[in-house]
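An overview of the molecular structure
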Amino acid sequence: MNPKPTLLCIPDISGFTEFMSKVDFDLGSKVIPSLLNNIIYSNNIGLKISEIEGDAVLFYKQGKLPSFDDLINQCKKFYTDFYFHIDELIKKEDSARAKDIPKILGLKIILHFGEEIAHVKVGKHIKLIGEDVITAHKLLKNDIAKNEYILLSEKLLAQFNENFNEVISWEKLHNDVVYDEHVGEIRLQYIDLSPLKPV
């Protein structure tokens, strides 16, 4: 077990609980796995999968970070591919409930960086260990008044030296903070993804 600097990326499907309660089990059991698979196949910057966590994928990348531009473009790809796939699912399904999918489901993406994250093999899977793995999951529990966004921790942003607002052309970064009794104050910035939602 050798701790290394690690990028953490968690695309998380929002509205999962509401969706599963409103649609029949057959439709729900098709849609969620299909969307998670779509997220996995949309990865084109060499992220590795640690876990699939119900309605989210925990990706990680050790070694050299992608450029900030490549990281944001990857998040945009996750988002636009997510909605193109929803459109395909609606066309395939006869259920009237299928048309409600884009009204209920959405996508938020958490990006965080840890200096010391180790991975251990558990069965065929890689389990990530370290305080920053916990922090990344704490960032999912925030008070952001948006359903779809990219959340970037201060620790991640500190790894880049550029004008972030030049890279993010569709929306400005907004400051926020998550408080946790064990981790303390976690500073972050976020970007609303909804302006990129395909019509």
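These figures come from a predicted structure and were not determined experimentally.

Rules used in this analysis
Residues numbered from 1 in each chain as written. Predicted model: local features only at pLDDT ≥ 70, side-chain atom pairs only at ≥ 80, totals over all residues. Heavy atoms only, no water. Helix = DSSP H or I, 4+ residues; strand = E, 2+ residues; numbered from the N terminus. Rg over C-alpha atoms; globule rule 2.2 N^0.38 Å. Areas by Shrake-Rupley, 256 points an atom, 1.4 Å probe, with all protein chains shown as cover. Core = buried A, V, L, I, M, F, W, Y, C linked by side-chain atoms within 4.5 Å. Buried < 20%, exposed > 50% of the residue type's maximum accessible area, 1.4 Å probe, protein only. Phe/Tyr/Trp six-rings, centres within 6.5 Å; stacked < 30°, edge-to-face > 60°. Pairing = 2+ DSSP bridges. Arc of directions from axis to C-beta. Axes fitted to C-alpha atoms, helices over the stretch in contact; angles between N-to-C directions. Left-handed = near helix turned anticlockwise from the far one by under 90°. Contact = heavy atoms within 4.5 Å. Nonpolar A, V, L, I, M, F, W, Y, C, P; charged D, E, K, R; others polar.

We now examine the overall build of the protein chain. Broken down by element type, the protein chain carries seven helices and eight strands. The C-alpha atoms of the protein chain give a radius of gyration of 17 Å, which matches the 16 Å a tight globule of 199 residues would have. Judged by the C-alpha coordinates and their principal axes, the protein chain covers about 50 × 45 × 35 Å. Total accessible area on the protein chain is roughly 10,500 Å²; 48% of this is exposed by carbon and sulfur atoms.

Moving on, we come to the nonpolar core. Soluble globular proteins tend to pack their nonpolar side chains together in the buried interior. Counting 45 residues, the largest nonpolar core has Leu105, Leu111, Ile150 and Leu152 as the members making the most contacts within it. Those elements that place two or more of their residues in this core are strand E1 (4-14), helix H2 (25-41), strand E3 (57-62), helix H3 (68-92), helix H4 (101-104), strand E4 (106-122), strand E6 (149-153) and helix H6 (154-157). By residue number, the principal contributor to this core is H3, which donates ten residues. With 19 residues, the next largest nonpolar core counts Ala56, Ile117, Val133 and Ile144 among its residues.

Taken as a whole, this structure holds six aromatic pairs when the rule is applied. Each ring, one from Tyr79 and one from Tyr83, has its centre 5.2 Å from the other, and the planes form 70 degrees; the classification is edge-to-face. Taken together, the residues Tyr79 and Tyr83, both in helix H3 and four residues apart, mark about one turn of the helix. With relative accessibility at 7%, the residue Tyr83 sits in the buried group. In this structure an aromatic cluster arises from ring pairing among Phe68, Phe160 and Phe164.

Glancing now at the pairing of E3. Two strands pair when backbone bridges link them, and E1 and E3 are joined in this way by four bridges, in the antiparallel orientation. Among the inter-strand pairings, Cys9 is bridged to a residue of E3, identified as Phe59. Counting the residues between successive antiparallel strands, the hairpin from strand E2 (residues 48-52) to E3 contains four residues, one of them, Gly54, with a positive phi of roughly 75 degrees.

Turning to helix H5 (residues 131-139), a few remarks are in order. For H5, every residue scored as buried is listed here: Asp132, Val133, Thr135, Ala136 and Leu139. Here the buried residues of H5 occupy an arc of 160 degrees about the axis, which is enough to place them on one side.

Okay, the packing of H2 against H3 next. Running from N to C, H2 and H3 cross one another at 145 degrees; their axes reach a closest spacing of 9 Å. The way H2 lies across H3 gives a crossing that is right-handed. Two secondary-structure elements touch here, H2 through Val31, Ser34, Leu35, Asn38 and Ile39 and H3 through Phe78, Asp81, Phe82, His85, Ile86 and Leu89. For the contact of H2 with H3, the per-class residue count stands at seven nonpolar, three polar and one charged.

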